[in-house]
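# Coordinates in review
Residues per chain are reported as follows:
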Amino acid sequence: LDDALEIFTEARQNDIHPELSAVHLLMDKCAAQKQVAHVERLYQYGAAREGQATQGMTTALAQAYIRVRRLDDAARVFRDAVQQGGSVRPATVNMLISGLAQAGDLNGAFELLEQASRHGGFAMHSSALHSLAQSCIHTLEPERARTAYGLFKAQGSRLSPRALAAVMDAYVQAGDVDGALAMYRDAEVQGGEVDAGALNRQLHTFVKHAGAERAMEWYLEARRRAQHTWLSPESVNLLLGALTRASRNHDALEVYNDAAGRGVSPQAATVLMGAMIRAGRTTEAVALYYRAILQGSEVDGKMDAAFVKACAQGVSPDMITANSLITAGARAGLLEQAQAVYDDCRAQHLSVDGTTVASLAHACVRAGEVDRALEVLHRVRQDGGELSTAGMNLILSGCAGAGDASAAFKVYSMGLRGGVQPDFDTAATLARGSATAEQLHEARAAFETVRRRHAGRFETSALAELLGASARVTGDAGAACELYEAVRGTQGWHSSTWLMNACINASAQVGDADRALEAYRLGQVDGIEADTVTLNCLLNACARARRVDLAFELREELRGEGVGEDVITMNTLINACAQAGEADRAFAVYREGGEQGILPDTITMGALINACAKAGQVDRAFQVMEEGVSRGINADLISSNTLIHACARAGQLERAHRLFKEREAAGLPADAVSVNALLDACASVGQVDRAFQVYRDAVRMKILPDAATFGTLIHACAKAGQMDRAQEMYQIEQLGQNDTATVTTMLNVYAEKADSRGAFQLYDKAQAQGVAADNFTLSVLMKACLRAKDSTRALQAWSDLRGQGIVPFAATWSTLLLTLASRHQEMYRAAERSGGAPTSHMLAALVDAYAQSGDVERALAAYREGRGQGAPASTAALNSLLHACAKSLQTSLAFELYEEGIKEGIAPDAVTINTLINACARAGQVDRAFGAYQEGRERGVLLDGITLSTLMNACAKSGEFERAMKVYDLGVDGLPLTIEAMNSLIHACMECGQVDQGFGVYEDIRRRGLASDNSTLSSLIKGCAKTGDVDRALEVYRQGRQDGIVPDHVTLSSIISACASARRGDLALELHQEAQREGITMDLVTMNALVNCCAKAGDVDRAFEIFRDGEQRGLVPDNFTLSSLVHACAQVGQVDRAFGVYDSALAEGRSVNLVTMNALIDACAKAGQVDRAFDVCQVIRQQEMAPDNTTLSSLINACAKRGDADRAHLVYQRFLEDGILPDLVSMNALINACAQANAVDRAFDVYQTMQARGMQPDNSTLRTLINACAKAGEVERAFQIYEQGARDGIVVNEASKSALLKVCAQASDFERAFALFSELKDGAACENTGSMNLLIQTCGQAGQLDRAFQVYEEGKQRGIAANSDTMSALIRACGQGGKRGVELGWEVFHDAQRMGLQIDTVAMELFFKASTKDEF
């Protein structure tokens, strides 16, 4: 707004006149933000420009004055406008009238009202009438309220509950009870409503001023409108007292019976019993006493005295007493006792009335015995009894409350056959219990039947229930809106705020914000005034639809209409922000609510905790909980469970467990949800034993496990490879109530292991036990078949479950089609034939199947064909097409398809935009990625943290690291900076080699209070591993542990791989053992990392030991495992053992891929078994594997080991003929083969071929060429290629410099050797140590002992680590250095012992021989 005002000022200075609409908009926005000075300045400008102020200008100025409580100035604006022939919008005039009335200026308010009424075009709002009436009551001028109501009624407007209550209070205060009663009767016709507070006040007034007869008349009117249930126990007692004093005992009993279901006080029963006894109706008094006892009511001394008095008169219980006992027993849950009384009555042929029977049947339903209830009703019909409408409704209500819709409709059908007439309560209860479209249709038919009987009139409560059921059952708010439209305007129609709110709420329940807004706008057209409930329902719809911006816009709009806000408003807005991941905005709402005096409650604190949890701000969530405690608001169970879930997601298992224990110690109950959250946390980090301990603790605390509990335990066992334990838990669950969810979880275990046979055995067993299958069952079975490539079983399951009426998810279709591979179209055609035109989810599944395989052309062809056959366009199908384009890097085609989809009316969602951005990121088109983002914003798509992280990835992929950091520093249009987005940036940093920047982001995560997770740790560790900085990787790992993050398998395998890169195998094993002690079991990824680590360290026995341990745990090795084992064998020259791994894999039926075969060739190459290496290559070709550059380089390395450059060139030529263009690694291997054969010229020929093909040489190329020169003794040529590489832009590394130093040393060119040694970087890099050792050895051989020690001392100063070879070289040099050499040699020997370094035997023998000469 400040920018807009600045632009306006600049335009005026340059004599540019903005359009009038822009001026109006600026004034409205300034008024909303209470910037009165700006509004006044804009008003003056606009009035001067137009000659007089427009309605919009005067309205904005008046609103600004009203918002800052300058009511006199606002009134002056209105009067000036009227005098000048202008006007102010009616809504603003109403706000001004309300403001004056609330400020106590009643005269000013009425004066303004009269002026506005004379002016024409003005309609008073209910809010203004309410304020006027309230003010009249306070100033004891009720007649003026009646005057205002007269004006209001004359204009035909609709009363709000608040206005109706206020005016009725004024009537009563004026002594006009008849007027108040008439107004209450007329209110329904006029669409007015009343709230519970007003009802209770009115009853007190009627009793006080009009007597019992008129009070009962008022009560009957309230009961007709189903509002008598709003009366408080105090009001009921007051009415009963008045009625009994007036000897209207029959009416009193009727009121008592109405109230009994809601619970009445002992005083009410005592009053009524006394009246019955005085009237000689002692039998009924006794029945009332029994009834009160059985209902669980507190019996006081007065009731006991009344009972004794009644019994003293010789009263014996009769049929009335029996009926009372049955009714009271049923309501109190004493089913067996009530049934016994009922059976006695039938045995004695005593008449039992319909209401009593209904009470008994209702009790049966509440006890879960629906069949017993139906049997009771059947007996009544056999005995010729009748069931009343009220009785039927009571049973229907019980069925609906028990969630048994089918029983409710059976009762309804039985009632209709017995001649029971349904009423609006019947229709409402049927709607409330409807679970299917057929039941909903029957409920609506009942509603229409009753409506016809009432000449088109209806009760709003029944229609409201139908609206809600229509949305709930169909899952579409359109059905509710269509019903609303169908009834609207028909005979008997009267709209009301309650009805409008019901329609809005129906849309909100299914998350359809557009339909909710449509219902609200329709109500505005009908002149319905919104209230706080309206606002809350609208906000709820926006929250469920995740349209937080729309929620804030609607709040501002309704604020302008004078609608108040309450704690529900605040909570709903906080929840909307939480759903959108906008924690800061949620806290802003919370602070604003505090400024408005809205007191938070438990739900408020829970919503704030949820907002923090979704944003990953665990520390902030705990701060909210502490603040709630300081306010006296303790976190409820839901909030605690949310916190536990947040800790679990952040990997803070210890913190989650501590919170759970703290609640237990405080005596606060936990439930299965709390336990399941803890189990999920344990499962996610592989702590199976701890998960079982949590389970045992829960059983000890008498928390009954549910299906999710067993499912989570089974999942944890399966993830850790503990299949036997998973089976055990499944068997335990079978002993209890084996349900669909548990079976599906166990099926998923088999699916993960690609065991379709085991999955179907379990499925068949579950079906035989009567366990119902659902959509998830079908989906998991398809997944198992896909992984096992079992198309036969896939079709069998598909046919079976479709035959059971299960409609598959789109993803299930996709999985099936992927399983059928080449039979995609065949299955699609079969589905078309069985179901007519293809559905949108069938088409989306087919497109997704092709997209998953990267076949964008067939995906597109299938999409166009399906659309041509009538399949509707869908966002899901479009997203699958875009995904296929992204995988195949066809970005332009993705945008063309997107534009085509928009023209077809497809509404893009966040997945659409994120997929477009991802396509651009893969293609390195960062500008286009930002263009796609902008397109999403312009179309109002609610983007998320994934969008932000994808944009960062696009920047990193394009090498625009600075732009990624800018996105991170400045943010993008308020997109939430979630932990996922920040993890994405850390990953981008590490991929770009910007390790320090990645750690800077990590520190920012900690500063922001976000909870770093395992993804954070693994990215940082992998970045450190790339730079060889294992110490820093270990530091990050330890820091994560201190922060409470329990490492998952990815993090654990990352730190093990980092150790492997640094040849720190012992450290890797130590970390693994530490994790095992904490209950983190080994999975396949961890096992592979450990085997690979041992392989790199040459510890082949340890590698096989880990492998066998994994197999015993049920882990199935993959090709990475096999290749790592082969590599371990290759490191120590155990080629036969490597082939043993290969043979065992084939014998066990495992498929061996090219990676493993290449590892075998490499093992042969290292052992110099060239022919065997070529035999493996022949097997690769026979099995139709496509050899690659790794195959080529390994074969060339085998030839190089033998010094066979000719055969290496033959291999090279053969691969060229096969269409395999050698890469840099293969070319470097060929140069090395030439170098090993001492064919230096041939090596340089290969180098020239590389340059001719445009291949950029690297340090490996330089080092290999320099080594070739070294073997040929061509020092100058070595320096030439070294200098040429530097000119070509190669950043020469330590290995290349060391190779050149070796050339100089071999040629005894000490000056250049020492110069190169000085250029080596400081530190303990292995290349530097090797160079230092070579230089010491060369100096020793040349008899330059002092120079050898000079190199050693310089190396120590620069931090170059000495090793056993260093000390051995020094000892050799000392052995040739005479007496001084012997003296220095003993110092070296002792230094080596102190450093734990061993000197080789040959060097020691030479030194001892020198030491034992006679002259020494």
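Now for a look at the structure at hand. Please read all numbers here as calculations on a predicted model, not as lab measurements.

### A short note on the packing of helix α2 (residues 20–32) against helix α3 (residues 36–50)
At a closest axis distance of 9 Å, the pairing of α2 and α3 adopts a crossing angle of 160°. Classed by the angle they form, the pair α2 and α3 counts as roughly antiparallel. α2 and α3 meet at a crossing whose hand is left-handed. Counting all contacts with α2, which are made through L20, V23, L26, M27, C30 and A31, the residues of α3 involved are H38, V39, L42, Y43, Y45, R49 and E50. Counted by class, the contact of α2 with α3 contains 10 nonpolar, one polar and two charged residues.

### A look at a negative patch on the surface
A cluster of acidic residues, D2, D3, E6 and E10, forms a negative patch on the protein surface. Mapped onto the fold, E6 is located in helix α1 (residues 2–13). Using a relative accessible area of 53% as the deciding quantity, one classes E6 as exposed.

### Examining the environment of N536
Mapped onto the elements, N536 comes out in helix α30 (residues 532–544). Overall, the relative accessible area of 9% leaves N536 in the buried class. Beyond its immediate stretch of four places on either side in the chain, N536 contacts D566, I568, T569 and T572. Within the structure, the side chain of N536 is placed 2.6 Å from the side chain of T569, a separation counted as a polar contact.

### Observations concerning the packing of helix α77 (residues 1345–1357) against helix α79 (residues 1378–1395)
Interaxial distance between α77 and α79 falls to 12 Å at its minimum, and their mutual angle equals 25°. By the criterion of interaxial angle, the relationship of α77 to α79 is roughly parallel. For the pair α77 and α79, the crossing hand works out as left-handed. From α77, L1345, D1346, F1349 and Y1352 reach across to α79, where they touch R1380, G1381, L1384, V1388 and M1395.

### Comments concerning the side chain of N1088
Along the polypeptide, N1088 turns up in helix α62 (residues 1084–1097). In this structure N1088 comes out as buried when scored by relative accessible area, which is 6%. A polar atom in the side chain of N1088 sits 2.4 Å from the side chain of T1121.

### Observations regarding unusual backbone geometry
Of note in the backbone geometry, R546 takes a positive phi value of approximately 60° without being a glycine. Position of R546 among the secondary structure elements: in the loop between α30 and α31 (548–560). For R546, a relative accessible area of 37% corresponds to the partly exposed category. With phi around 60°, N1238 is a residue other than glycine that occupies positive phi space. You can see N1238 is positioned in the loop between α70 (1224–1236) and α71 (1240–1252).

### Things to note about the packing of aromatic side chains
With the rule as written, the count across this model stands at five aromatic pairs. Taking 6.1 Å as the distance between ring centres and 45° as the angle between the ring planes, the aromatic pair formed by W1386 and F1408 counts as tilted. Taken as a pair, W1386 in helix α79 and F1408 in helix α80 (residues 1401–1411) lie far apart in primary sequence, 22 residues in all. Given the relative accessible area of 34%, W1386 is considered partly exposed. Here F1408 falls in the partly exposed class, since its relative accessible area comes to 38%. Among the aromatic residues, ring-to-ring pairing joins W1386, F1389 and F1408 into one connected group. Between R1172 and the ring centre of F1139, over which it is positioned, the NZ or CZ distance is 4.1 Å. A cation sits over an aromatic face here: R1277 above F1244, 4.1 Å from the ring centre.

### Overview of helix α34 (residues 602–614)
The end-to-end C-alpha separation of α34 is 18 Å, in line with the 18 Å expected for 13 residues at 1.5 Å each. Burial within α34 is extensive, with 10 of its 13 residues counted as buried. Capping of α34 at its N-terminal end is provided by D601; its side-chain oxygen lies 3.1 Å from the backbone amide nitrogen of I603. Of the residues trailing α34, G616 is marked for its positive phi of about 75°.

Reading guide: rules and limits
Residue positions within a chain follow its written sequence, with the count starting from 1. Per-residue local features of the predicted model are confined to residues with pLDDT of at least 70, and side-chain atom pairs are confined, for both listing and counting, to 80 or more; whole-chain, interface and lining totals are unaffected and use all residues. Working from all heavy atoms in the structure, the side-chain values ignore hydrogens and water. Angular values range over 0 to 180 degrees, each being the angle between N-to-C directions of two axes fitted as lines to C-alpha atoms, with helices fitted over their stretch in contact. By the criteria applied, helices consist of DSSP H or I runs no shorter than four residues and strands consist of E runs no shorter than two, each listed in order from the N terminus. For this classification, under 35 degrees means roughly parallel, over 145 means roughly antiparallel, 65 to 115 means roughly perpendicular, and everything else is oblique. Note on convention: the crossing is left-handed when the near helix lies turned anticlockwise from the far helix by less than a right angle, right-handed when the turn is clockwise. Note on contacts: a residue pair qualifies if any of its non-hydrogen atoms lie within 4.5 Å across the two residues. The nonpolar class holds Ala, Val, Leu, Ile, Met, Phe, Trp, Tyr, Cys and Pro. Asp, Glu, Lys and Arg form the charged class, and all remaining residues, Gly among them, are polar. Patch rule: a residue counts if its relative accessible area is over 30% and it has no salt bridge; like charges are joined within 9 Å, and nonpolar side chains (Val, Leu, Ile, Met, Phe, Trp, Tyr) within 5 Å. Accessibility throughout is a Shrake-Rupley quantity obtained with a 1.4 Å probe, and a residue counts as covered only by protein chains that appear here. In what follows, salt bridge is the name for a side-chain nitrogen of Lys or Arg lying within 4 Å of a carboxyl oxygen of Asp or Glu. In this tally Asp and Glu are treated as negative and Lys and Arg as positive; neither His nor the chain ends contributes. By convention, the point assigned to a charge is CZ for Arg, NZ for Lys, CD for Glu and CG for Asp. Only protein chains enter the calculation, and the probe is 1.4 Å; a residue is then buried if its accessible area is under 20% of its type maximum, exposed if over 50%, and partly exposed in between. Side-chain atoms alone can form a polar contact between residues adjacent in sequence; in general such a contact is a pair of N or O atoms within 3.5 Å, and within protein one must be able to donate a hydrogen while the other accepts it. Pairing of aromatic side chains requires ring centres within 6.5 Å, counting the rings of Phe and Tyr and the six-membered ring of Trp. Pairs whose planes differ by under 30 degrees are stacked, by over 60 edge-to-face, and all others tilted. Lysine and arginine charges are scored as sitting over a ring when NZ or CZ, respectively, is within 6 Å of the ring centre and within 35 degrees of the ring normal. To estimate the expected span of a helix, subtract one from its residue number and multiply by 1.5 Å.

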